[in-house]
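Letter by letter, the chains look like this.
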Amino acid sequence: MSVTIDYSKLRIHPDSDTREWWEATRQRKYLVRRCNQCGHKWFPPNIPACNKCTSMDIGWFETAGNGVIHSYVVVVQPILGAFIAAVPYVVAIIELDDCKEEDGTVTRVAGVMTNDEAEVAIGLPCSVIFEETNDPKIVMPRWRVSGTAGKTWRFAE
């Protein structure tokens, strides 16, 4: 069963730091911030300077939108009206496959999974998908499990 979010109850207002990111999601592209000086990549995109070298010469890196679930939480108490009918739903921390830096640092992003809790496990591969919302200017990225893995771990009750 896919987790459904009522996007009509969300009000998203892109600002100067996130406008390009939201424009990219409309084109089905997933971006992370990249420092043009040191190459460091990070998410969310709302920080206007590199947190590694403090340069303000920043740009974007288009990731393929594939990764591995690093951790997750199952939300059972919604804090926004858009998620009332969605509970329980899974928010995962995803390590992006193509965002590894020379020092081994991995860019991680958080995202709401389309999968139910029983289908999610740490170590599973996942991919970004894009969902239309009630606002044609906003396309929402979501994540879904995209395969299997030999060594995974699930939270037990």
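Above this text is the structure in question.
Residues numbered from 1 in each chain as written. Predicted model: local features only at pLDDT ≥ 70, side-chain atom pairs only at ≥ 80, totals over all residues. Heavy atoms only, no water.

S.K.: How do you make sense of the nonpolar core when you look at a structure like this?
M.R.: The biggest cluster of nonpolar side chains holds 38 residues, and the ones touching the most others in it are Tyr30, Ile69, Met113 and Trp143. Residue assignment for this core shows that the elements contributing at least two residues are helix H1 (19-26), strand E1 (30-35), strand E3 (58-63), strand E4 (66-75), strand E5 (89-100), strand E6 (106-112), strand E7 (125-132) and strand E8 (139-145). Tallying contributions element by element places E5 first for this core, with 6 residues. Dropping the residues within four chain positions of it, methionine 113 is found in contact with Val3, Ile69, Val90, Ala92, Val120, Cys126, Arg142, Trp143, Arg144 and Val145. (Core = buried A, V, L, I, M, F, W, Y, C linked by side-chain atoms within 4.5 Å. Buried < 20%, exposed > 50% of the residue type's maximum accessible area, 1.4 Å probe, protein only. Helix = DSSP H or I, 4+ residues; strand = E, 2+ residues; numbered from the N terminus. Contact = heavy atoms within 4.5 Å.)

S.K.: Explain the pattern of salt bridges to me, please; I cannot follow it from the model alone.
M.R.: Pairing between side chains of opposite charge can happen when the charged atoms of each approach one another. One pass over the full model with this rule turns up 6 salt bridges. It is possible to trace a salt-bridge network through shared partners that takes in Lys52, Glu101 and Asp103. (Salt bridge = Lys/Arg side-chain N within 4 Å of Asp/Glu carboxyl O.)

S.K.: For this particular structure, what's the right way to read the sheet that holds E5?
M.R.: Within a sheet, neighbouring strands are paired by backbone hydrogen bonds and run either parallel or antiparallel to one another. If you walk across this open sheet you meet the 5 strands as E6-E5-E4-E7-E8, and the pairing is antiparallel. With partners counted over all chains shown, the strands left at the sheet margins are E6 and E8, one partner each. The mean inter-strand angle of the sheet, taken between neighbouring strand axes irrespective of direction, is 40 degrees. By the bridge criterion, 6 bridges tie E5 to E6 in an arrangement that is antiparallel. Bridged to isoleucine 94 within E6 is valine 109. (Pairing = 2+ DSSP bridges. Axes fitted to C-alpha atoms, helices over the stretch in contact; angles between N-to-C directions.)

S.K.: Looking at this structure, I do not really get the sheet that holds E1. What am I missing?
M.R.: In space, the 3 strands of this open sheet follow the order E2-E1-E3, with antiparallel pairing throughout. With one partner strand each, in any of the chains shown, strand E2 (41-42) and E3 form the two edges of the open sheet. As defined by bridge partners, E1 adjoins E3 across 6 bridges and the pair is classed as antiparallel. Bridge assignment links arginine 34 to a residue of E3, and that residue is glycine 59. Taken strand by strand, H1 contacts E1 and E3, and its axis lies near 145 degrees from that of E1.

S.K.: Sorry, what's going on with the pairing of E8 here?
M.R.: Taken residue by residue, a regular strand's side chains alternate between the two faces of the sheet. Among the 7 residues of E8, 6 are classified as buried, and the element is accordingly described as predominantly covered. Inspection of the sheet shows E7 paired to E8 by 7 bridges, in the antiparallel sense. The residue bridging glutamate 132 from the neighbouring strand is valine 139, located in E8. Between E7 and E8, which pair antiparallel in sequence order, lie 6 residues.

S.K.: What is the right way to look at the pairing of E7 in this model?
M.R.: When you tally the buried positions in E7, you get 6 out of 8 residues, the bulk of the element. Relative to E7, E4 runs antiparallel, the two being bridged by 3 bridges. If you follow valine 68 over to E7, its bridge partner there is proline 125.

S.K.: Help me understand unusual backbone geometry, please; the structure alone is not making it clear to me.
M.R.: Backbone phi values are negative for most residues with the exception of glycine, while trans is the configuration of most peptide bonds. With omega at 10 degrees, the peptide bond leading from phenylalanine 43 into proline 44 counts as cis. Note on placement: proline 44 falls in the loop between E2 and E3. The peptide bond linking valine 87 to proline 88 adopts the cis configuration, its omega dihedral lying at -10 degrees. The phi torsion at arginine 28 lies on the positive side, around 60 degrees, for a residue other than glycine. Relative to the helices and strands, arginine 28 resides in the loop between H1 and E1.

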